[in-house]
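Tertiary structure, described
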Amino acid sequence: GQDGVWEALSLASKATANKKRSIFLSRMADFQRLPHTVLPVVYDLHITPDLKELTFQGFVKITVDVKEETKIVKVNAAELAIQKVIFSTNENDEGAVSAASIELNEKDEVATVTFDTNLPLGKGFLSYTYTGILNDQMKGFYRSKYVVGEEERWAGVTQFEATDARRALPSWDEPAIKAQFDVTLTVPKDRVALSNMPVIKEEVNGEVKTLKFDRTPIMSTYLLAFVVGEFDYIEQYTADGRIAVRVYTPLGKTDQGRFALDVAVRTLPYYEQWFGIEYPLPKADLIAIADFSAGAMENWGLITYRETALLVDPNSSSTSTKQWVALVVGHELAHQWFGNLVTMEWWTHLWLNEGFASWIEYLCVDYCFPEWNIWTQFITQDANNALSLDAMKSSHPIEVEVKHPSEIDEIFDSITYSKGSTVIRMLAGFLGEDVFKKALNLYLNRHKFSNTFTEDLWAAFEETSGKPVRELMDTWTKQMGFPVISVDEIEPGKYAIEQSRFLANEVASGADADFLWLVPVGAISEADSTEHFTVLKERKGVFEIPSVTQEGQWVKINPNQTGYYRVNYSARLLQQLKRGLTSNAIKNATDRLELQNDLFALARASIASTTSVLDFLSAYPDETDYTVWSDIAANLSSVTHLLSFNPENKGIANKFGADLFRKVVASVGWEATPGESAQTSLLRPLVIRQLGKFGDATIIA
């Protein structure tokens, strides 16, 4: 029967899941972070790139604080040739002493400098003269190819996160060792040169110019940035005239930077209001880079982007392209506070940095473009993506201890971003926006220009809300997976709820079933659209919703899908929800999306029957939301694909699909109409394609 479909799907998924991840096993247990005997206060950095030979000369004079008497100074360095190191107790280098030895350990990326005598305690000046390469690895200070006319040229670009500032300058390249930076660049006079701060002095000398940039705030090395190349820009100030926002584009393409500029100019004041803290820099540059490994990088004041994540062609770019650019711009600007102003102490806490920005990017895009209904896309792009990955036995907790820096890149995965953002959203929904904002303001003000552990954020939330946030959140961040909440009605207004670990392809048993979470279970009902909460701490509990007083009133658990769990309703409750859908009483598209998505997932895991899923889907012909239809189409395709191998089943599946999609195709029509919504323009090609796939005569005639 149809339930055999899920068995076949299950076997395929298991084969994938069995490719076990080994990514978080600690290798190199002997790794040690840098000693704190000598620490940086200000880096005075002068870089001179050669864009033809693809090398650079570097000189850095670091104002240091000698904490303990020592002859040895260890800093990070990689692919640098250090020619000379001197130490002085005064800025003019009078009486400076040269290092007796300079030793570079390429494996550990550490340069050890030894002096003949102990360095005196207190303030000193440590200077490194060195050379490096503009590499082709898209990390450190690297080369990026672009074309002018027929000629290939090179730009010099930085990407320092996670541990690649050490490829551009000898430095304490750990997020907790913050300092300030004075950057000077000597470059060909016809090139654009940018860094985190504005230029305060420029001198032209023959064919080169030397630009001195203003001093940065106290920040981590991974946020330092500089770019040398050929770019055009467009500029606009925020509404209060305080922040100069520029978008730098390839030559002749400034029209493609207009959309991102508009988003950035609106987003910065929005975040200032949301965080309750002014943006601490005088400018924000957003720049499109031809060769770029990530989507974008939040360098403070000089945010670098892959071209596809920043540029929008006003004549041909689709709505989905604009949405992607708006989200990436919103994400990186959020980091200017959460990540840059307050930074994780070590990479173990990276999930908080990325998870938070991956959540609030949607908040700001929803503010800028309410017509997009972007939160429904959060569900498909982040929440459901996380639920799919995290339902595998091979998943991992959000928070993973990072020992050696070589492990860092391995934790920049969908669990970090998508599950991280989803559990942050769950906490925000549980505490309420006002409490959440107040706690965040407390956290950012308390720790600005310094570093934190995850527990510091939970402490701020506990102080503000009076709720056991750390205890609750630890169950979501320190163990993998998530629960399915089974719900049945005891009597009107009283519901039995039970949690068990959800696995993608089977019912959890044995050690796999031992997991427990503190689950903030929310609900709305036919009688009351106000969300009621209970926290399920044990395996089983009772949820009371006083507003439900009559037999047969529907109850929707996990409204807006703010909770990170799936819901398994009893057959009776499911039929009541189906009636709510048919009568268009369930107003929120996110709720309609989640109901069918959970059911498909439950069927794949052999918890629900395929028949019950398809029966429930018959309540959706009046659906109008693009994201809901997109998710239905994706879920349905896995069923119809397997049914298509049997001619009789294929006919049944095609009729079911065509009946489901016919009404929405008729409502959107074949041709775009002036002034139609972004939703409609996205929906039309999707549903017409689906109806054609099901062999409908009106489409394929």
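In case you missed it, the structure is sitting above this.
Values in this document were obtained by computation on a predicted structure and should not be read as measured data. (Residues numbered from 1 in each chain as written. Predicted model: local features only at pLDDT ≥ 70, side-chain atom pairs only at ≥ 80, totals over all residues. Heavy atoms only, no water.)

So, on to the overall build of the chain. Along its length, the chain carries 16 helices and 29 strands. Relative to the globule expectation of 27 Å for 701 residues, the C-alpha radius of gyration of the chain, 28 Å, shows essentially globular dimensions. Its C-alpha atoms give the chain principal-axis dimensions of about 90 × 55 × 50 Å. Put simply, the chain shows about 27900 Å² of open surface, and 50% of that area lies on carbon and sulfur atoms. Counting 66 positive and 93 negative side-chain charges, the chain places the averaged centre of each group 2 Å from the other. (Helix = DSSP H or I, 4+ residues; strand = E, 2+ residues; numbered from the N terminus. Rg over C-alpha atoms; globule rule 2.2 N^0.38 Å. Areas by Shrake-Rupley, 256 points an atom, 1.4 Å probe, with all protein chains shown as cover. Lys, Arg positive; Asp, Glu negative; His and termini not counted. Charge placed at Lys NZ, Arg CZ, Asp CG, Glu CD.)

As a further point, take the nonpolar core. Ranked by internal contacts, the top residues of the largest apolar core, which has 228 residues, are Tyr128, Trp172 and Phe661. Here the element with the most residues in this core is helix α4 (residues 350–368); it accounts for 12 residues. Those residues in contact with Tyr128 that sit more than four places away from it in its chain are Gly58, Phe59, Val60, Ile62, Val73, Val75, Ile82, Lys84, Val85, Val113 and Pro170. (Core = buried A, V, L, I, M, F, W, Y, C linked by side-chain atoms within 4.5 Å. Buried < 20%, exposed > 50% of the residue type's maximum accessible area, 1.4 Å probe, protein only. Contact = heavy atoms within 4.5 Å.)

In a packed pair of helices, the relevant descriptors are the angle between the two axes and the axis-to-axis distance. In contact at an axis separation of 10 Å, helix α2 (residues 258–275) and α4 are set at 115° when each is read in the N-to-C sense. Like other packed secondary-structure pairs, α2 and α4 cross with a definite hand, here right-handed. Where α2 abuts α4, its residues Arg266, Thr267, Tyr270, Tyr271, Trp274 and Phe275 lie against Phe356, Trp359, Ile360, Glu361, Leu363, Cys364, Tyr367 and Cys368. A per-class count over the contact of α2 with α4 returns 11 nonpolar, 1 polar and 2 charged. (Axes fitted to C-alpha atoms, helices over the stretch in contact; angles between N-to-C directions. Left-handed = near helix turned anticlockwise from the far one by under 90°. Nonpolar A, V, L, I, M, F, W, Y, C, P; charged D, E, K, R; others polar.)

Glancing now at the sheet that holds strand β4 (residues 80–88). Across the sheet, which stays open at both edges, the 8 strands sit in the order β5-β4-β8-β2-β1-β11-β14-β13 with mixed pairing between neighbours. Every interior strand has two partners, whereas the edge strands, β5 (97–98) and β13 (199–205), have only one. Both strand β11 (residues 180–188) and strand β14 (residues 208–213) contribute to a ladder of 5 bridges, which runs antiparallel. Note that in β14 the partner of Thr186 across the bridge is Thr210. (Pairing = 2+ DSSP bridges.)

All told, the structure shown has 41 aromatic pairs when counted by the stated rule. Seen in terms of ring centroids, Phe369 and Trp372 are 4.1 Å apart; in terms of plane orientation they differ by 15°. Their pairing is stacked. Each member of the pair Phe369 and Trp372 is classed as buried. When the ring centre of Phe502 is taken as reference, the NZ or CZ atom of Arg566 above it lies at 5.8 Å. (Phe/Tyr/Trp six-rings, centres within 6.5 Å; stacked < 30°, edge-to-face > 60°. Lys NZ or Arg CZ within 6 Å of the ring centre and 35° of its normal.)

This part takes up the pattern of salt bridges. Considering all chains together, one arrives at 46 salt bridges under this definition. A salt bridge links Asp65 to Lys67; the nearest nitrogen and oxygen atoms lie 3.1 Å apart. Take Lys67: its relative accessible area is 47%, and that puts it in the partly exposed class. In this structure, Glu489 and Arg572 form a salt bridge, with 3.9 Å as the shortest nitrogen-oxygen distance. On the criterion of sequence distance, the pair formed by Glu489 in strand β23 (residues 483–491) and Arg572 in helix α10 (residues 571–582) is long-range, its members being 83 residues apart. One salt-bridge network, held together by shared partners, links Glu79, Glu109, Asp164, Arg166, Arg167 and Asp173. (Salt bridge = Lys/Arg side-chain N within 4 Å of Asp/Glu carboxyl O.)

Moving on to the pairing of strand β29 (residues 566–569). Of the two faces of β29, both are covered, the one formed by Arg566 and Asn568 as well as the one formed by Val567 and Tyr569. Direction of pairing for β23 relative to β29: parallel, over a ladder of 4 bridges. Bridged to Ile485 within β29 is Val567.

What follows deals with empty space enclosed by the protein. Applying the stated criterion across every chain, the model contains 2 cavities of 30 Å³ or more. There is about 70 Å³ of room inside the largest cavity. Lining the largest cavity we find Phe338, Gly339, Val342, Thr343, Met344, His349, Leu352, Asn353, Tyr443, Thr452, Phe453 and Thr454. Contributions of two or more residues to the lining of the largest cavity are made by β21 (342–344) and α4. At 3 residues, the largest contribution of residues to the lining of the largest cavity is made by β21. The class makeup of the residues in the lining of the largest cavity is 6 nonpolar, 6 polar and no charged. (1 Å grid on protein atoms, 1.4 Å probe; cavity = no way out; pocket = protein on both sides within 12 Å on 5 of 7 lines; lining within 4 Å. Points joined across faces, edges and corners; volume = space filled by probe spheres on them.)

Bringing the sheet that holds strand β10 (residues 151–159) into the picture now. For sheets, the rule is that strands pair by backbone hydrogen bonds, running either parallel or antiparallel. With antiparallel pairing, the 4 strands of this open sheet are ordered in space as β9-β10-β15-β12. For this open sheet the edge positions go to β9 (140–148) and β12 (192–195), each flanked by a neighbour on one side alone. Taking the axes of each pair of neighbouring strands and ignoring which way they run, one obtains an average angle of 15° across the sheet.

Bringing unusual backbone geometry into the picture now. Cis peptide bonds are those with omega within 30 degrees of zero, and the linkage from Glu161 to Ala162 qualifies with 10°. Secondary-structure assignment places Ala162 in the loop between β10 and β11. In this structure, Asp93 takes a positive phi of about 65° despite not being glycine. Here Asp93 shows up in the loop between β4 and β5. Given the relative accessible area of 23%, Asp93 is considered partly exposed. Positive phi values are uncommon outside glycine, yet Asn560 reaches one of about 65°. Secondary-structure assignment places Asn560 in the loop between β28 (555–557) and β29.

Inspection of the secondary structure assignment puts Arg592 in helix α11 (residues 589–604). At a separation of 2.6 Å, a polar atom in the side chain of Arg592 contacts the side chain of Glu623. (Polar contact = N/O pair within 3.5 Å; in protein donor to acceptor, adjacent residues only side chain to side chain.)

Attention now goes to the packing of helix α3 (residues 319–335) against helix α15 (residues 678–693). Direction vectors running N to C along α3 and α15 enclose 125°, while the axes themselves pass 10 Å from each other. By the angle class used here, α3 and α15 are oblique. Where α3 approaches α15, its residues Thr319, Ser320 and Gln323 are matched on the opposing element by Ala678, Ser681 and Leu682. Each residue belonging to the contact of α3 with α15 can be placed in one class, and the counts come to 2 nonpolar, 4 polar and no charged. (Parallel < 35°, antiparallel > 145°, perpendicular 65-115°, else oblique.)

With 16 residues, α15 extends 24 Å between its outermost C-alpha atoms, agreeing within 8% with the 22 Å of an ideal straight helix rising 1.5 Å per residue. At Arg684, α15 shows its largest kink, close to 25°, and the proline Pro685 lies no more than four residues downstream. Three or more residues of α15 are buried, namely Ala678, Gln679, Leu682, Leu683, Arg684, Leu686, Val687, Ile688, Gln690, Leu691 and Gly692. (Expected span 1.5 Å × (residues − 1). Bend = angle between axes of the 7 residues up to and from the residue.)

Our focus in this paragraph is α4. Between its first and last C-alpha atoms α4 spans 27 Å; for 19 residues at 1.5 Å apiece the expected length is 27 Å, and the two agree. The element α4 is largely enclosed, with a buried count of 17 among its 19 residues.

Turning our eyes to something else, we now look at the state of the cysteines. Enumeration over the complete set of coordinates arrives at 0 disulfides. With no disulfide of its own, Cys364 lies closest to Cys368 among cysteine sulfurs, the gap being 5.2 Å. Residue class for Cys368 comes out buried when judged on its relative accessible area of 6%. (Disulfide = S-S within 2.5 Å.)

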